[in-house]
Structure formats: C-alpha cells, structure tokens
Amino acid sequence: MASDKSVKFKTPNWFRQSARRRGWQVLILALGWCWLSLGQIFADEPMRYLYNAPESSLDKRYFYQWTILKTALEKTNPKYGAYTMQSSEFMTETRQVYELKNATGKLTVMYLDTRPDYETNLIAIHIPVDKNLVGYRVFLIRKENQKLYNSVKSLDDLRKFKFGLGLGWIDVDILNSNQFQVVTASCYDCLFEMMDNERSDLALRGVNEVIGEYEERRAAMPDLCIETNILFYYPMPMYFWFPKTDEGRRLAARAEEGMRIMIADGTYDKIFADYYDSTIQRLKLKDRKIFRINNPFLGPETPFQDKQLWFDPATYQPKSF
C-alpha cells in the first residue's frame, strides 16, 4: 500500500540567503524610486514669493517694487523654473518682520528699510530696489503754508516744523536722531488726515510716492499741495528681505540673480525710467534746494561704492527707450 506521506524538499541555505538578498535589493530599489519621485515632485513645486498686501485701496506705493521682483523671477525662469507671486493679508511692518524671522510661511519676502537687527536675523539682497529714490523727500503741506517754506535757509529752520510720519517707521528714528520734531500717525491714511487737520505741519513723503498720494487725495483735501522748493535727503536703502532659512536663501539667491541680470541688460533702468522719469521731471528735483541729514542705522554692508545702484538728482538723465 502506497504511503500518504508528502515528500518534503529541503531548500539549500545558499538559495535562501540569495533570495533574502534579492528581496532587500528590490526593497532598496523601490524606496529609491519613491525618493526620486518625491524629489521630482518637490523640484517641480513653484518657488513661492508671498508679499504684503496694500494697506488700503489708495495705497499704490509698491507697484514698482513688485514689478522689479516679478521681472527678476522671469529672467531666471530657465535656471530655476516656475514661481508664484501673490499678496498675503495686510501686515504692519512689525508683523512682517515677525513672520519672516519666525519663518511662518505667511510671508516669504518683504520690502523694507535696513536695520542692524534685520541684517543679523534675515537675508537681504543688498540692492536698493528703487535706487534709494525714496531717500529723497518732499513735503505734502497745506497751501497757505508755502510761504513759510520759501524762507527756509537751513536745517535749523526746518527743525521748527512738525514732521508727520508713520508709527514704527525707521524714518521716525532717523529724524529724532537728527533733532527734528516728529508727530506719528497710527495708519497710512491717517498720515494725510493728521496734516490736513493741522496736527502736523507736513507729511514727509518719498519722491516716488508723493504725486500719486496727492492726486488720490486732492479732491477730498482741497487745501493739500506739494511743497515746491525743498528736497530733503537721507540715505535709506530699501531691500528685499527673506527668512534666514534654506528656502529663504534659495528665494533670495534667485531674486538677486535676476536683479543682477536686469542691471546688466538695461531692464532695471528701463523699468525705473518708465515708473519715475515723469515724476522726477514734474517735481523739478534738480532745481530744488537740498537739505541732507545722516542715517545712523546703516551698516558696512550698504553698497555705497556701487554708484549704479543709487539715484542722484544732480546727475540723473531721463532715459529714452
């Protein structure tokens, strides 16, 4: 009678060890493909530039600056690939700095002046975005006071006036350090209302800002006018700032590379001229009497030696493209 015992084959040790090795090899290859796939997904993710929203519907101060950034990113598309640029919620300057320092992701790029604290805790592109045009200041005043400014001969004469500035702005500290009287407004629109209501004698405005601000408000504030004789100056380079993280450095490197390309190929000068030549001529900057004060908050990283980065009303020639 035949036995019903099943026949068992003993697998050689060399075969079992070989199978285990192949299994590990397959697993390692599979994990490798997964990492490569994930890396490709992240590599294809657009670089994200999230910037501060305007403070109000009348706030058009930064159109030029974001045009510069967008153009720089376009110039670097072949090397870095896709990007997104979009506005976040409106944030005060203090809040913007907080978000970048803590790398919260609610903001990934900021346009602001330089201070020692920022230089230590953030990443800057040391190219004054508007060529320091904002360092040249004119006054928004009440029409009846123009005669008072006609008689100004010195900085001491100017120290008799109450300068209107925004709360928390570095300008407040710059003017205080130069012994000027400063009155601060709690919001952007409040700055003009404060001057119109005679709580300040003037609103101190950048050359690049003042015409648009005047045009937007002159109907509601018929006594408002741009002072005609004085150009007030302090160096105040405004930079693009990024978080001090690996991603922040990557975002900054791309933007700076694009800005340098723009400077070299003339695109930067063209955009500057498109936005500001008419303003420079309308305000007759070369004909104004200039009063200069010091900015004690600038560090050694300020690129004063590179003259092409700085606007000078005495030598600037409007461009024809």
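Undergrad: Go over the overall build of the protein with me, naming the residues and quoting the values.
TA: The helix and strand inventory of the protein stands at twelve helices and twelve strands. Put simply, the protein has 321 residues, and 46% of those count as buried. Once local pairs closer than 6 in sequence are excluded, the contacts in the protein between residues at least 24 apart make up 79%.

Undergrad: Explain empty space enclosed by the protein to me, using residue names and the numbers behind them.
TA: A full pass over the atoms with the stated rule returns one cavity of 30 Å³ or more. Taken as a whole, the largest cavity spans an internal volume of roughly 190 Å³. If you trace the largest cavity, you find 17 residues lining it, with Y62, E93, E209, M236 and M238 closest to the centre. Mapped onto the lining of the largest cavity, the elements with two or more residues apiece are β3 (110-113), α8 (170-177) and α10 (207-217). With three residues, β3 is the largest single contributor of residues to the lining of the largest cavity. In terms of residue class, the lining of the largest cavity is built from eight nonpolar, two polar and seven charged.

Undergrad: Please give an account of the sheet that holds strand β4 (residues 122-125) that cites residues and values.
TA: Strand order in the open sheet formed by three strands is β3-β11-β4, and the pairing between neighbours is antiparallel. Single-partner strands in this sheet number two, and they are β3 and β4. Each adjacent strand pair in this sheet contributes to an overall mean axis angle of 45°, direction not counted. Across four bridges, β3 lies against strand β11 (residues 238-243) in antiparallel orientation. Bridge pairing in β11 links D113 to M238.

Undergrad: How would you explain unusual backbone geometry if you had to name every residue and give the values?
TA: For N132, which is not a glycine, the phi torsion comes out positive at approximately 65°. For N132, the position within the fold is in the loop between β4 and β5 (136-142). Positive phi, normally seen in glycine, also occurs at K284, with a value near 50°. Mapped onto the secondary structure, K284 falls in the loop between α12 (267-282) and β12 (289-292).

Undergrad: Tell me what's going on with the layout of surface pockets, and back it up with residues and numbers.
TA: The computed volume of the largest pocket comes to approximately 410 Å³. If you trace the largest pocket, you find 24 residues lining it, with E55, F90, T92, E93 and W169 closest to the centre. By residue number, the principal contributor to the lining of the largest pocket is helix α4 (residues 93-101), which donates three residues. Of the residues contributing to the lining of the largest pocket, the split by class is 13 nonpolar, seven polar and four charged. If you add up the space inside the second largest pocket, you get close to 290 Å³. Contributing to the lining of the second largest pocket are 19 residues, with K60, R61, N208, E209 and G212 lying nearest its centre. No other element matches α10, which puts eight residues into the lining of the second largest pocket. Grouping the amino acids of the lining of the second largest pocket by side-chain chemistry returns ten nonpolar, four polar and five charged.

Cut-off values and rules
Residues numbered from 1 in each chain as written. Predicted model: local features only at pLDDT ≥ 70, side-chain atom pairs only at ≥ 80, totals over all residues. Heavy atoms only, no water. Helix = DSSP H or I, 4+ residues; strand = E, 2+ residues; numbered from the N terminus. Buried < 20%, exposed > 50% of the residue type's maximum accessible area, 1.4 Å probe, protein only. Contact = heavy atoms within 4.5 Å. 1 Å grid on protein atoms, 1.4 Å probe; cavity = no way out; pocket = protein on both sides within 12 Å on 5 of 7 lines; lining within 4 Å. Points joined across faces, edges and corners; volume = space filled by probe spheres on them. Nonpolar A, V, L, I, M, F, W, Y, C, P; charged D, E, K, R; others polar. Pairing = 2+ DSSP bridges. Axes fitted to C-alpha atoms, helices over the stretch in contact; angles between N-to-C directions.

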